2 protein chains.
Amino acid sequence: MKNLDKLRKKIDLIDDKILELLKNRSKIALDIGNLKSKNSKNSNLFRPERQMKILSRLFLNKNSLFSEQDILSFWKEIFFHQTNLQGGIEFLISETLKKSEKKIIFDAFGYNIVIKTYKSLDKAFLKIKKNKNKLLILPYPDKVKRDYWWINKNFKDLFIISVIPFLKKKNSTPKLVVVSKDKPILEGNNSFIYLSQISIKDKSLKKIHQLKSNYLYASANLLNYNELKFLGAYPDFKLKKNNEKN
Amino acid sequence: MKNLDKLRKKIDLIDDKILELLKNRSKIALDIGNLKSKNSKNSNLFRPERQMKILSRLFLNKNSLFSEQDILSFWKEIFFHQTNLQGGIEFLISETLKKSEKKIIFDAFGYNIVIKTYKSLDKAFLKIKKNKNKLLILPYPDKVKRDYWWINKNFKDLFIISVIPFLKKKNSTPKLVVVSKDKPILEGNNSFIYLSQISIKDKSLKKIHQLKSNYLYASANLLNYNELKFLGAYPDFKLKKNNEKN
């Protein structure tokens, strides 16, 4: 098995290089963490739009042996490691969250994340208002009756900063949203959730849910739309850019 | 935040290099898979001694920012990806396995592995005898009464090829063993489990368990010891080399 030995030596060389790069990456991540903590505006550790930018770029270089899902699996570990180096984040979830929904969270952020469960949504909202690096996971607003958390008065001043799973299957909606006290960063390829008191007919808006006079819409780049109150942004690299502004 | 942008560009460059290396590694892994399937002797996909060799070498280059556990977390994904490219393996576990034991399996092999549960241990033994890429997970033999699987007549001709968790804490024993129809590969830093019909006093042997006239020992490099029936090898990079042969 001389050939096998040769191939294995090649793999050893590659592994050494990968580890060297990972170590360098950690050093830089630590520098970024230090820079962030000097500048309080940027002290939050979870930056989904930054992660999605990284993934979007890497996805352009996927191939048949290394799919989008493979890239996500590896970089999930990298992101987890980096966030921990910078201090770590904590996730708050409802104690009634389903097993399948927990799996979505683990698949997105890694199986070693810190998770705490809450009984009272009001208290959970107050908790994350006190700490940038506590994040609340809530169900994506949809037609199934849940607790309509988005009309809770304590949701005021909080933001949806991401949806999960990151990789959506065709024609499926996101399952969960990530809520933070931190304002989402608005970039070209982000998608947003809008709250409106009136029903709006616009092809670039997708109605998510309606509750009495509250309409929830999802769309990309419609920030200047007068009738819409902007609730939060989430990075969505699957969504095409849409620069229409009615 | 010019500095932040600079650091992020550095990270982008590193990420691109890592992805390129991972893609090359996948190509080589596929070549290895093809080579293995040509040579039936080497067609099994799970080679713990090879994985441990890779990890042991990488561990020498760990640092304060990138620990052994970090290396393991990352390469676990690499090994899972590689095994899948080559065809994939399936794990058989008892339906009575504890939640904490399942976590040990996931932490060792990844959270997306294929796991099937069995009711009858006899049938499970027969199943893995038919397929090199089905592996059976059983409790590590210890003083707590379990099913004493190692004296089951169907265990004949099967081998312990690994123990988990891979990273043992000081003074703790392994929790589970991996059983395969495949003969373990004997290398310098492997550790072995021996079955004997008599009690043996030897400092280099560590008694694991005793059941009537069956004594189970663990040791490194005692293959020529006359009184011991060799049960299986497992890679143990924590164990010092021991070349004593009484």
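Residues numbered from 1 in each chain as written. Chains lettered and ligands numbered in written order. Predicted model: local features only at pLDDT ≥ 70, side-chain atom pairs only at ≥ 80, totals over all residues. Heavy atoms only, no water.

J.: Let's hear about the interface of chain A and chain B: which residues, and what values?
T.: Taken together, the contacts link 53 residues of chain A with 53 residues of chain B. Taken together, both faces of the contact between chain A and chain B bury some 5,300 Å²; the carbon and sulfur share is 71%. Connecting chain A to chain B are eight salt bridges. A:Arg50 is paired through a salt bridge with B:Asp12; the nearest N and O atoms lie 3.2 Å apart. Applying the counting rule to chain A against chain B returns 18 residue pairs in polar contact (both at pLDDT 80 or more). Secondary-structure elements contributing two or more residues to the side of chain A that touches chain B are helix 1 (2–38), helix 2 (48–59), helix 3 (68–85) and helix 4 (99–109) of chain A. The element contributing the most residues to the side of chain A that touches chain B is helix 1 of chain A, with 27 residues. (Contact = heavy atoms within 4.5 Å. Buried area = accessible area lost by both parts, 1.4 Å probe. Salt bridge = Lys/Arg side-chain N within 4 Å of Asp/Glu carboxyl O. Polar contact = N/O pair within 3.5 Å; in protein donor to acceptor, adjacent residues only side chain to side chain. Helix = DSSP H or I, 4+ residues; strand = E, 2+ residues; numbered from the N terminus.)

J.: An account of the relation of the copies chain A and chain B is requested, with residue identities and associated values reported.
T.: Of the two same-sequence chains, chain A is brought onto chain B (RMSD 0.1 Å, axial shift 0.0 Å) by a rotation of 180°. Read as a symmetry element, the transformation amounts to a two-fold axis. For chain A, the residue whose C-alpha comes nearest the rotation axis is A:Ile18, separated from it by 2.9 Å. The residues that chain A uses at the interface reappear at the interface of chain B in 100% of cases, marking a shared surface. (Least-squares fit on C-alpha atoms with pLDDT ≥ 70 in both.)

J.: Outline the pairing of strand 3 (residues 134–139) of chain B, supporting the account with residue identities and numerical values.
T.: Residue and element names in this part refer to chain B. Counting buried positions along strand 3 gives six out of six residues, so the element sits mostly inside the fold. In the sheet, strand 1 (residues 90–94) pairs with strand 3 via three bridges, with the strands oriented parallel. Bridged to Leu 92 within strand 3 is Leu 136. Looking at chain direction, strand 3 and strand 5 (residues 176–180) are connected through four bridges and run antiparallel. Bridge pairing links Ile 137 to Val 178 in strand 5. (Buried < 20%, exposed > 50% of the residue type's maximum accessible area, 1.4 Å probe, protein only. Pairing = 2+ DSSP bridges.)

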